[in-house]
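# Structural features, examined
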Amino acid sequence: MNYTLKTFIANNGERFSQLYEASEPGFPLFYPTAYIARSIRPSTTHETQKVYLATIKRICEWEFSRNIDLATYFHSRKFLSAIQIDDLADFLRASKLGSKGSVISSPKYNTYVAYAAGYIRWLAQEVITDSNTRNVRDAVEEQNNMLLKKKRRKAGSKSARDRRVVTTKLPSQSRTTLRDLFDHPFENLRKPQDSGSRLRNVVMLRVLYETGMRSGELLSLKLKHFIEAGGDDSAYLDIDRNHHDAVDTRLHQPVAKTLGRRVPISRSLEEQLTDYRNNWRAEIPRVGFSDEDFIFVVHRGGHSQGKALPKTAFSSGLANLKQIFNSLMPIHPHLLRHDWNYRFSTQADNDNMPFEEERTLREQLMGWAPDSDMSRLYNRRHIEKKSHEIGLRIASDTARFNE
């Protein structure tokens, strides 16, 4: 049995998805739809809902391959055995894209297990008419705990992983090539007709490099969000929380995961953005010029020409740049966010910035809530650096005392 996920846009701009049997495309599956609508959709983003549905899709595929109907199973007060739970866990972990025997990453698998346990627990409680009786409640909880125990422990030390995060940066050759490309965006351009899309892609990378914003925030920038310099103020970009934007026609809407904020940009980036907006974007057929229209749009001909650039198109543009400039191969949007934080830490150290000021400014520029997990992680970097300096001075004093 094949299952498919379909996404829709409501009149108010909300994105929602439903799970269908491929042979019955007109009607979504009842229990998955009810679960998402009642238990998940009210409190989660659309992206999270799609992960839940991807998990449930795997459960449905497992049911069909094993000739099991969980709803009927639970209705008759049958529960999954330890062997069946092992089998389901293996099914969830198997990679559909890789070779036979390959598996998905542990973090992704752990998410699938947690989401699968939540859905199966809900389904059991939904179809058993007296699910609140002690025997049934205990059986449901035991089944739930057995599945959750299938989560894999993360390999390696958490402190080591955290240390890698706060020290992650661009390779030096990648940085050199990227900055050269910012200065010469049309370097090694093979087709003159691609000049507009090349400039767009380079400017987008430069926005990520200079501001550390997420790719979803980048793709959500509208004309009204680009504020040119005036008086003593530098140019800046406004980042808005934009979930369920009714103006955005992209089925898979890029969204800002962090808080809204204002981020400054360099004079050179301001000039490139202005050039792109006025001299390249403006020439695209059917492109919009209102405040609500998006800065970065599709250049190539077709039904989507002039419309907001989808994430897949930006990824494709970056892949093309990597083919031309091999030293850009390590780059991905989130690495540029890590690199921004590395450069911010270096600048804070050079300026002897007080601990609290560094934390507050980083939170503001990254869009993190006060005292967020990531903020605490970078705070620990600061504390470790200072403690190392003090410890070294104490060690030096001891050495002089022993002479």
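Residues numbered from 1 in each chain as written. Predicted model: local features only at pLDDT ≥ 70, side-chain atom pairs only at ≥ 80, totals over all residues. Heavy atoms only, no water.

So, about the sheet that holds strand S6 (residues 261-264). Taken in spatial order, the 3 strands make up an open sheet running S4-S5-S6, and their pairing is antiparallel. For this open sheet the edge positions go to strand S4 (226-227) and S6, each flanked by a neighbour on one side alone. As paired elements, strand S5 (residues 236-239) and S6 share 4 bridges and run antiparallel to each other. Each bridged residue has a counterpart across the sheet, and for aspartate 238 the counterpart in S6 is arginine 262. (Pairing = 2+ DSSP bridges. Helix = DSSP H or I, 4+ residues; strand = E, 2+ residues; numbered from the N terminus.)

Read from one edge of the open sheet, 3 strands run S1-S2-S3, paired in antiparallel fashion. The open sheet has two free edges, formed respectively by strand S1 (3-9) and strand S3 (24-28), since each of these has just one partner strand. The sheet shows a mean angle of 40 degrees between the axes of neighbouring strands, direction not considered. Sheet topology note: the strand S2 (residues 15-21)/S3 ladder contains 2 bridges and is antiparallel. Looking at S3, one finds that glutamate 21 is bridged to glutamate 24. Against the sheet, helix H2 (residues 46-65) makes contact with S1 and S2, and its axis sits at roughly 10 degrees relative to S2, the strand it touches most. (Axes fitted to C-alpha atoms, helices over the stretch in contact; angles between N-to-C directions. Contact = heavy atoms within 4.5 Å.)

On to the pairing of S1, then. As paired elements, S1 and S2 share 7 bridges and run antiparallel to each other. Residue pairing across strands places phenylalanine 8 opposite phenylalanine 16, the latter belonging to S2. Linking two consecutive strands that pair antiparallel, namely S1 and S2, is a turn of 5 residues; a positive phi of about 95 degrees is found at glycine 13 within it.

With that settled, the discussion passes to unusual backbone geometry. For asparagine 67, which is not a glycine, the phi torsion comes out positive at approximately 55 degrees. Its location among the elements puts asparagine 67 in the loop between H2 and helix H3 (70-75). Residue classification places asparagine 67 among the exposed positions, given a relative accessible area of 73%. The phi dihedral of asparagine 352 is positive, around 50 degrees, even though this residue is not glycine. (Buried < 20%, exposed > 50% of the residue type's maximum accessible area, 1.4 Å probe, protein only.)

In terms of nonpolar packing, the biggest core is built from 41 residues, with Leu178, Met213, Leu218, Leu237, Leu273 and Phe296 touching the most fellow members. Contributing elements (two or more residues each) for this core: helix H8 (172-183), helix H9 (195-211), helix H10 (215-219), S5, helix H11 (267-280), helix H12 (311-324) and helix H13 (333-350). With 8 residues, the single largest contributor to this core is H9. Other than its neighbours up to four places away in sequence, leucine 273 contacts Val203, Phe226, Leu237, Ile265, Ile295 and Phe296. (Core = buried A, V, L, I, M, F, W, Y, C linked by side-chain atoms within 4.5 Å.)

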